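# Understanding the architecture of this molecule
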Amino acid sequence: MLGIFRFLKRYGDFFLFLLLLSISLVLLAQNRARAGSVINRWTFNGMNLVTEKINLIGNYYYLNEQNRALQQENKKLYEQLYNRRPVLGIPKGFHFIPAEVVNKNYRSGFDFIIIDKGITDNIAPDDGVVSSQGVVGTVRALSNRFAKVITIYNPQFTLLVGLPQSEVTGFIQPDYRIFPLVRVTDVPFEAEVSPGDTLVTTGNSLIFAPGIPVGRVDSIRIDTQSRTKVLLLRPFTDFRRFRLAYVIHHNLRQALDSLNNEP
Amino acid sequence: MSRKFLFIWIVSLIIHVFWMVNVGYVLPFIPHFFLLPLLIYHRQINTRNLLLMAFATGLIIDTFSGTGGLYAAALLSFAGLQKLYDRWTADPLREKSRLELNAGFLRRALIMAVQIMVFEILFYFFDGMSVTYVFFRIGNILMHGFETWFFLWIFTGLFVYKPSNT
């Protein structure tokens with residue numbers, strides 16, 4: 001309140017000037033046709049501009065609501081899309097749970113992010129997380145309401161990726177030294193891969209649905225010792241900007257994991 | 001506001017209205033006598049009072065001449081510009097404009113002419129509400145400004161400035 005008084009005291013003369021000028025212009029517009037038409041035109045344009053700006057501000061506050069609605073719509077579409085494709089050996093039943101990024105930890109890459117979904121939202125450790133652009137990472141730790149997600153740049157992250165409609169696969173192995181790229185190893189030497197190709201998830205471990213874009217091949221190197229190709233991949237997800245994510249949960253994954261972990 | 005200022009204000013208003021109503025046809029334009037207090041006392045009066053005075057003067061002239069808010073808008077803008085001019089050119093030690101310190105007869109006349117021309121430009125701008133109109137009426141502006149300057153300079157020379165000031 002004191003600040004308002006100080007402001008008015010400081011700029012009171014200016015506001016008085018504006019007030020008196022407005023009164024003069026109103027009188028002028030009422031009494032002189034030429035000036036009146038010009039002032040009416042200015043007023044009309046000015047009011048339209050102000051209304052436009054007010055609408056913009058209103059739309060901005062309405063955006064959150066719209067984003068949530070769109071996220072729900074995307075969830076349904078993703079579920080339809082990724083459960084429709086018949087992929088050999090991969091059972092249907094991927095659920096996409098919309099989530100919002102609460103915090104991002106940034107060092108040389110994004111080591112982990114925190115999302116606003118937890119145990120109460122029926123997600124489990126190692127569930128995959130994607131954005132509308134591509135793969136983000138996997139869930140590492142959970143609380144009731146939040147989850148910690150290690151990103152594709154985290155050294156602990158690993159994932160089997162492949163070329164779409166092809167048997168060529170490789171493992172993602174993040175490396176800080178080549179940020180913002182990630183390394184894809186164990187690609188067969190004879191595999192036909194070229195820079196610009198898109199790599200997608202294979203869906204084998206039920207962490208991610210098959211066919212989700214991961215990134216684009218930036219360059220290719222040959223590992224002469226192991227006779228394999230090493231791809232440098234540029235992930236699609238823009239980690240600086242993305243805010244909305246989807247957690248992918250498959251009911252059969254934990255059963256599959258327990259079988260895989262059997263000695 | 002000093003009594004001298006009030007006296008000058010009322011006298012200049014009366015002269016203007018009298019000229020406008022009775023002998024307006026003598027010259028092509030009616031000299032703007034009401035500018036006198038704004039030209040002489042703008043530094044001695046605080047901004048708020050100057051704005052209110054300019055607005056009131058404009059409204060009074062508008063009432064007599066039937067011009068809506070034309071004089072009010074022009075005088076108000078002129079008063080605002082005067083205060084800006086004061087702020088930019090004020091000498092804080094002597095409370096006087098740097099431009100007008102030790103100014104002689106010709107320099108004072110020149111400063112007054114510039115101030116009057118600024119007012120005339122504002123006046124014609126509000127008359128047509130466009131810059132093009134101002135250029136179109138540049139002859140009228142010069143003529144009107146000259147008439148105003150001529151009479152105001154005689155008036156100030158005779159009654160306002162003391163010989164030591166000039």
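Reading the values: the criteria
- Residues numbered from 1 in each chain as written.
- Chains lettered and ligands numbered in written order.
- Predicted model: local features only at pLDDT ≥ 70, side-chain atom pairs only at ≥ 80, totals over all residues.
- Heavy atoms only, no water.
- Helix = DSSP H or I, 4+ residues; strand = E, 2+ residues; numbered from the N terminus.
- Buried < 20%, exposed > 50% of the residue type's maximum accessible area, 1.4 Å probe, protein only.
- Contact = heavy atoms within 4.5 Å.
- Areas by Shrake-Rupley, 256 points an atom, 1.4 Å probe, with all protein chains shown as cover.
- Axes fitted to C-alpha atoms, helices over the stretch in contact; angles between N-to-C directions.
- Parallel < 35°, antiparallel > 145°, perpendicular 65-115°, else oblique.
- Nonpolar A, V, L, I, M, F, W, Y, C, P; charged D, E, K, R; others polar.
- Pairing = 2+ DSSP bridges.
- Salt bridge = Lys/Arg side-chain N within 4 Å of Asp/Glu carboxyl O.
- pLDDT = per-residue confidence, 0-100.
- Buried area = accessible area lost by both parts, 1.4 Å probe.
- Polar contact = N/O pair within 3.5 Å; in protein donor to acceptor, adjacent residues only side chain to side chain.
- Left-handed = near helix turned anticlockwise from the far one by under 90°.

This part takes up the overall build of chain A. Along the backbone of chain A there are three helices and twelve strands. A total of 263 residues make up chain A; the buried ones form 38% of that total. Pairs at least 24 apart in sequence give 57% of the contacts found in chain A among residues at least 6 apart. Here chain A displays about 15,900 Å² of accessible surface, and carbon together with sulfur accounts for 56% of that area.

Our focus in this paragraph is the packing of helix 2 (residues 33-84) of chain A against helix 5 (residues 105-128) of chain B. In helix packing, the relevant descriptors are the interaxial angle and the interaxial distance, both defined with respect to the helix axes. Between helix 2 of chain A and helix 5 of chain B, the least distance of the axes is 6 Å, while the angle of their chain directions is 80°. With respect to their mutual orientation, helix 2 of chain A and helix 5 of chain B come out roughly perpendicular. Contacts from A:Arg34, A:Ala35, A:Val38 and A:Trp42 of helix 2 of chain A reach helix 5 of chain B at B:Phe125, B:Phe126, B:Asp127 and B:Gly128. Class assignment of the residues belonging to the contact of helix 2 of chain A with helix 5 of chain B gives a composition of five nonpolar, one polar and two charged.

Read around the barrel, six strands follow the order 6-7-8-11-10-9 (chain A) and close on themselves; strand pairing throughout is antiparallel. Going from strand to strand, the sheet's axes swing by 40° on average, the running direction of each strand aside.

A separate point is the environment of A:Ile150. All names here are of chain A. Within the element layout of this structure, Ile-150 appears in strand 5 (residues 147-151). Taking the C-alpha atoms as reference points, Ile-150 and Gly-128, 22 residues apart in sequence, are found 9.8 Å from one another. Excluding residues that lie within four positions of it along the chain, Ile-150 makes contacts with Asp-111, Phe-112, Val-136, Gly-137, Thr-138, Arg-140, Gln-156 and Phe-157.

By the definition in use, this model includes nine salt bridges over all chains. The partner of A:Arg32 in a salt bridge is B:Asp127, and the shortest N-O contact between them spans 2.3 Å. Highlighted residues: A:Arg32 in the loop between helix 1 (2-31) and helix 2 and B:Asp127 in helix 5, drawn from two different chains. A relative accessible area of 23% means that A:Arg32 is categorised as partly exposed. Between A:Lys117 and A:Asp116 there is a salt bridge, and its shortest N-O distance comes to 3.7 Å. The exposure class assigned to A:Lys117 is buried, which follows from its relative accessible area of 17%. When salt bridges that share partners are traced, they join A:Asp175, A:Arg177 and A:Arg183 into one network.

With that out of the way, let us pick up the confidence of the model for chain A. Looking at chain A, the pLDDT average stands at 84 and 96% of residues meet or exceed 70. The secondary-structure element of chain A with the lowest mean pLDDT is helix 3 (residues 253-260) of chain A, recorded at 73, while strand 3 (residues 128-130) of chain A shows the highest, at 91.

A word on the pairing of strand 7 (residues 169-173) of chain A. For a regular strand, side-chain orientation follows a simple rule: the groups alternate between the two sheet faces. All names here are of chain A. Of the pairings in the sheet, the one linking strand 6 (residues 159-162) to strand 7 comprises four bridges and is antiparallel in character. Each residue of the ladder has a partner; that of Leu-159, found in strand 7, is Ile-172. Remark: six residues form the turn of the hairpin made by strand 6 and strand 7, two consecutive strands paired antiparallel; Gln-165 in that turn has positive phi of roughly 55°. Bridging between strand 7 and strand 8 (residues 182-188) involves three bridges; their strand directions are antiparallel. Counterpart to Ile-172 in the pairing with strand 8 is Val-184.

Before going further, it helps to examine the interface of chain B and chain A. Taken together, the 22 residues of chain B in the interface contact 17 residues of chain A. Contact with chain A buries surface across chain B, with B:Phe55, B:Leu76 and B:Met129 losing the most and accounting together for 32% of the total. The tally of links from chain B across to chain A stands at two residue pairs in polar contact (both at pLDDT 80 or more). Tallied by class, residues from the side of chain B that touches chain A come to twelve nonpolar, eight polar and two charged.

Before going further, it helps to spend a moment on the environment of B:Gly157. If you trace the backbone, B:Gly157 turns up in helix 7 (residues 138-160). A sequence separation of 52 residues divides B:Gly157 from B:Phe105, and the C-alpha atoms of the two residues are 9.3 Å apart.

Inspection of the secondary structure assignment puts B:Ser130 in the loop between helix 5 and helix 6 (131-136). Within the local environment of B:Ser130, its side chain forms a polar contact with the backbone nitrogen of B:Tyr133, the two atoms lying 3.1 Å apart. Excluding its chain neighbours within four sequence positions, the residues that come into contact with B:Ser130 are A:Arg34 and B:Phe125.

This next bit is on the packing of helix 1 (residues 3-22) of chain B against helix 3 (residues 47-65) of chain B. All names here are of chain B. For the pair helix 1 and helix 3, the least separation of the axes is 11 Å and the interaxial angle reads 20°. Classed by the angle they form, the pair helix 1 and helix 3 counts as roughly parallel. As helix 1 packs across helix 3, the resulting crossing turns out to be right-handed. Across from Phe-5, Trp-9, Leu-13, His-16, Val-17 and Met-20 in helix 1, the residues of helix 3 making contact are Met-53, Ala-56, Thr-57, Ile-60, Ile-61, Phe-64 and Ser-65. Classifying every residue of the contact of helix 1 with helix 3 by side-chain character gives ten nonpolar, three polar and no charged.

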